Amino acid sequence: MGEKALSPLEPLHCTVEVVSWVTKFIGGPGAGRKEFEEPFVPGETVRDVLQRFSGRYPELDAALWDASKKGLGEHIEVMVNDAVLGITHTLDTPLKANDRITLLGQYMGG
Amino acid sequence: MSPTALASTKIAPRSRAETLPGGYAGKLLRVNLTTGKIWSEPWTPEEMRLYVGGVGLGAKILYDEVGPRVNWDHRDNRLILATGPLAGLPVWGTGGLTVVTRGAMTNGATSTQANGFFGACLKFSGYDAIVIQGQAPRWAYLYINDDVVDLRDARHLLGKDTWETQDALSAEHGLSGHQLSVYSIGPAGENLVRFAAIQGDYGHVASKNGCGAVMGKKRLKAVCIVRGTRALAAADPRGVIQAADDIAHDLKTDPSARSLYEWGTLPAVVGLYKMGVLPIKNYTTNLAPPNVNMADWEGPKLRQGFDHRGHQCSACGMHHCHMQVIPKGKHKGELVDEPEYEGWSGAGWAIGCTDPTAVAWLNTRIDRACVDVNEFGWLCGWVMEGIEKGFITKAQLGFDLGWGDAEGANRLLQMISHRKGFGDLLAEGVKRAAEKLGGAAQDAAIYTVKGASPRGHDHRARWDEMLDTCTASTGTLESGIPVHVTEVGLPPRINPFNGEEVARQVAGILGRRHFEDSLGACIFTTRTRLENMCRALSAATGWNYTVTESVSFGRRTAAILRAFNLRCGIGPDVEYPSKRYGSTPTDGPAKGQAVGEQWEKMLDTWYGLVGYDRKTGKPKPETLKKLGLDWLLKDLWGKKR
């Protein structure tokens, strides 16, 4: 499939999906999911988009990042295109159009 | 003394010694079922500081009193029902019970927990633990009401499931609810099903390693404790309240715990599905059927699909445990306990059942017959796959059993619980049944070579728990992931498919669960920082108990349990997953991630970091010395060092 030629500054879009109890941190009910179309410019990374996104939601920002704000905190999983970080993407991997970032809480059974 | 009593003891009340730490009753209740002798035994403040309670205390008693020739079904095996120093205090979820024994699945050490009111009732009766030995000449139940302790005739309870047993004893004693805690076995335990469990207070199950089979072998149907009248003092009551408030605040607000606070373990179904960790149809896929909308499996949907009410344990403010009513179908109107995640998994997804109503019903049948829901899931899913693929025939089984058939699964459960027909083989658990059938049947079975039953996840996408399950000495897990791992110096997150990182994390957190399981508190209310738990323990006891001491305590307990297992002949040669359990997912989020390729390296790393010898499995001499376990040196290494 041919792709539309883009100028370097034309924004692309990816999806940020916030799932289940993590929705609480963005004013949601703590269940279900919320999806956001997030613009980015070529070369921007998973980290760039997530920092911009979480910057709009202080509670999420506090939960997602560690104290230095450079690394992720302990309890929210980040997946890109349904794979955990470390498989196809790290925080510093540039995104492609239509990539999907998922923010998912850690769970335990019982 | 009751007219039906087999044996009775009026135990003289003991005045609280001035040196006794707060939070402790100060006595162990000893019961010899063979002779009917019942007595109490003090334990010292020094022992309390060293072994705390729960699994810490149980591990030491097990090591000291159960020799290598005392197998799980030997009358000299001990069944230790222990609580801890926080039980009965106003810290959330402190009705905790830890069962320690030599269990039937691994024929090794066991530590398995349940809650409800047992721990609080036991403490209010004046005991920190019950240590049961021997075998009753006829079926009995243990009745405790402060200083009156009886072994009573239980023949009228035989054949009753766990809920019927509790109903009967409540009626017999005219007490119910918080006033009477009853933990019992069901038909499965009576018939020595190898993965039988012990259930109490309508829905709380100590399920691991066949502890119910041990209780059945002892011909002990139930333990029944009236909420006692003994005072329970904390060294610093205000400090306990402050720590309890901080723990509650943490559970309500911290990202690691707030979903547990609101919905218990329900949200795990959808969350773990997205990670490829939800086990589906005996690990044959990681994808939900096309007709299933995962949005229907969100936590709130699962809860709100039923009439429900809270069913909290002692002093608990979590919105976790619930009772619910079956809303439709053949079993409409039946009261069931809301399944934990493990129930949705073992009574549901693992056997291809995706009707929440059917899963909720079957889950309670499992609790009432009283077997481990994880092992039942692996076993039933394996039989269903066997019928589909032909390695088990309908003629062998006696009926047809297809994926998702909850009524058929209950029929299988009853066959197993009563050891009827093919159920007699299945009652040995999936490992032994599969080894007997061999070939394709063995290849399809989910188990650990050691015999421990994996938790209700697809561990092929959760390598930390697979490593923990295979190396643990308890019949289940002995780490505690996920918790605040940075608290003990570990990185906040790892690549879950990097064996080196996984092994470092599991090794780094070894023993945390033992600390939690020694406090008399629920694992779901200890999802806070160790610092908070140590503050609560310090305020309760009057000690200055540090995080460092808690880590050392957990590792000390792990080393004692490992030494016990090694003495039983359980070593590194069995620390492997079965072929299916250690296989590579063929679809879903973890597709292609091969744990088997990294397993040996993971073990190498884990052994190096926990300070155990890779070849023999023994804690190294320097590890023992560091943990203050010099007394184990001679036993493990044959000479004084």
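Here the structure is a predicted model, which means the values were calculated and not measured. (Residues numbered from 1 in each chain as written. Chains lettered and ligands numbered in written order. Predicted model: local features only at pLDDT ≥ 70, side-chain atom pairs only at ≥ 80, totals over all residues. Heavy atoms only, no water.)

### Regarding the interface of chain B and chain A
Logical step 1: Between chain B and chain A, the residue contacts involve 38 residues of the former and 32 residues of the latter.
Logical step 2: Between chain B and chain A, roughly 2,900 Å² of surface is buried when both sides are summed, and carbon and sulfur atoms account for 61% of that area.
Logical step 3: Inspection of the region where chain B meets chain A yields 4 salt bridges.
Logical step 4: Of the charged contacts, one joins Glu262 of chain B and Lys24 of chain A as a salt bridge, the two residues approaching to 3.4 Å between their closest N and O atoms.
Logical step 5: Those elements that place two or more of their residues in the side of chain B that touches chain A are α8 (258–263), α9 (268–275) and α11 (341–346) of chain B.
Logical step 6: Here the side of chain B that touches chain A is built from residues that sort into 18 nonpolar, 9 polar and 11 charged. (Contact = heavy atoms within 4.5 Å. Buried area = accessible area lost by both parts, 1.4 Å probe. Salt bridge = Lys/Arg side-chain N within 4 Å of Asp/Glu carboxyl O. Helix = DSSP H or I, 4+ residues; strand = E, 2+ residues; numbered from the N terminus. Nonpolar A, V, L, I, M, F, W, Y, C, P; charged D, E, K, R; others polar.)

### Some words on the packing of helix α2 (residues 54–65) of chain B against helix α23 (residues 547–567) of chain B
Describing two packed helices takes the angle between their axes plus the distance from one axis to the other.
All names here are of chain B.
Logical step 1: Here α2 crosses α23 at 30 degrees, and the two axes come no closer than 9 Å. If you check the angle between α2 and α23, you find them roughly parallel. Judged by the sense of rotation from one axis to the other, the crossing of α2 with α23 is left-handed. Here Val55, Gly56, Ala59, Lys60, Leu62 and Tyr63 of α2 come into contact with α23, specifically with Phe553, Thr557, Ile560, Leu561, Ala563, Phe564 and Arg567.
Logical step 2: Broken down by class, the residue content of the contact of α2 with α23 amounts to 9 nonpolar, 2 polar and 2 charged. (Axes fitted to C-alpha atoms, helices over the stretch in contact; angles between N-to-C directions. Parallel < 35°, antiparallel > 145°, perpendicular 65-115°, else oblique. Left-handed = near helix turned anticlockwise from the far one by under 90°.)

### A short note on the pattern of salt bridges
Residues and elements named next belong to chain B.
Logical step 1: Going through the model one piece at a time under the given rule, you end up with 48 salt bridges over all chains.
Logical step 2: Of the charged contacts in the structure, one is a salt bridge between Asp296 and Lys301, with a shortest N-O distance of 3.7 Å.
Logical step 3: Given a relative accessible area of 45%, Lys301 falls into the partly exposed group.
Logical step 4: Here Arg455 makes a salt bridge to Glu342, at a shortest N to O gap of 3.7 Å. (Buried < 20%, exposed > 50% of the residue type's maximum accessible area, 1.4 Å probe, protein only.)

### Remarks on the side chain of Ser518 of chain B
Residues and elements named next belong to chain B.
Logical step 1: Mapped onto the elements of the fold, Ser518 is located in the loop between α21 (512–516) and α22 (530–541).
Logical step 2: Look at Ser518 and you get buried, because its relative accessible area is 0%.
Logical step 3: A polar atom in the side chain of Ser518 sits 3.0 Å from the backbone nitrogen of Gly56.
Logical step 4: With residues near it in sequence (within four places) discarded, Ser518 still touches Val52, Gly53, Gly54, Val55, Gly56, Thr83, Gly84, Pro85 and Phe553. (Polar contact = N/O pair within 3.5 Å; in protein donor to acceptor, adjacent residues only side chain to side chain.)

### Looking at the confidence of the model for chain B
Logical step 1: For chain B, the average pLDDT comes to 95, and 96% of its residues sit at 70 or higher.
Logical step 2: Scored as a complex, the prediction yields pTM 0.95 and ipTM 0.85. (pLDDT = per-residue confidence, 0-100.)

### With respect to unusual backbone geometry
All names here are of chain B.
Logical step 1: Notably, Asp201 is not glycine yet its phi reads approximately 50 degrees, a positive angle.
Logical step 2: Assignment of secondary structure puts Asp201 in the loop between β11 (198–200) and β12 (204–206).
Logical step 3: Residue Asp201 is classed as buried on the basis of its relative accessible area of 5%.

### What about the nonpolar core?
Logical step 1: Ranked by size, the top nonpolar core spans 196 residues in total, and within it Ile101 and Leu103 of chain A together with Phe376 and Trp382 of chain B carry the most contacts.
Logical step 2: Here this core gets 9 residues from one element, more than from any other, and that element is helix α13 (residues 373–389) of chain B.
Logical step 3: Not counting residues within four places of it along the chain, the set of residues in contact with Ile101 of chain A comprises Cys14, Thr15, Val16, Glu17, Val46, Val49, Leu50, Val78, Met79, Val80 and Leu95 of chain A.
Logical step 4: Of all hydrophobic cores here, the second largest spans 46 residues; its members include Phe117, Ala136, Val214 and Cys224 of chain B. (Core = buried A, V, L, I, M, F, W, Y, C linked by side-chain atoms within 4.5 Å.)

### Points about the sheet that holds strand β15 (residues 322–325) of chain B
Residue and element names in this part refer to chain B.
Logical step 1: If you walk across this open sheet you meet the 3 strands as β14-β15-β16, and the pairing is antiparallel. The sheet is open, and its two borders are formed by β14 (307–310) and β16 (335–337), each paired with just one other strand. On average, each strand axis in the sheet is tilted by 25 degrees relative to the strand beside it, whichever way the strands run.
Logical step 2: Both β14 and β15 contribute to a ladder of 4 bridges, which runs antiparallel. Looking at the pairing, Arg309 lines up with Met323 of β15.
Logical step 3: In this fold helix α12 (residues 356–369) packs onto β15 and β16, with an angle of close to 75 degrees to the strand it touches most, β16. (Pairing = 2+ DSSP bridges.)

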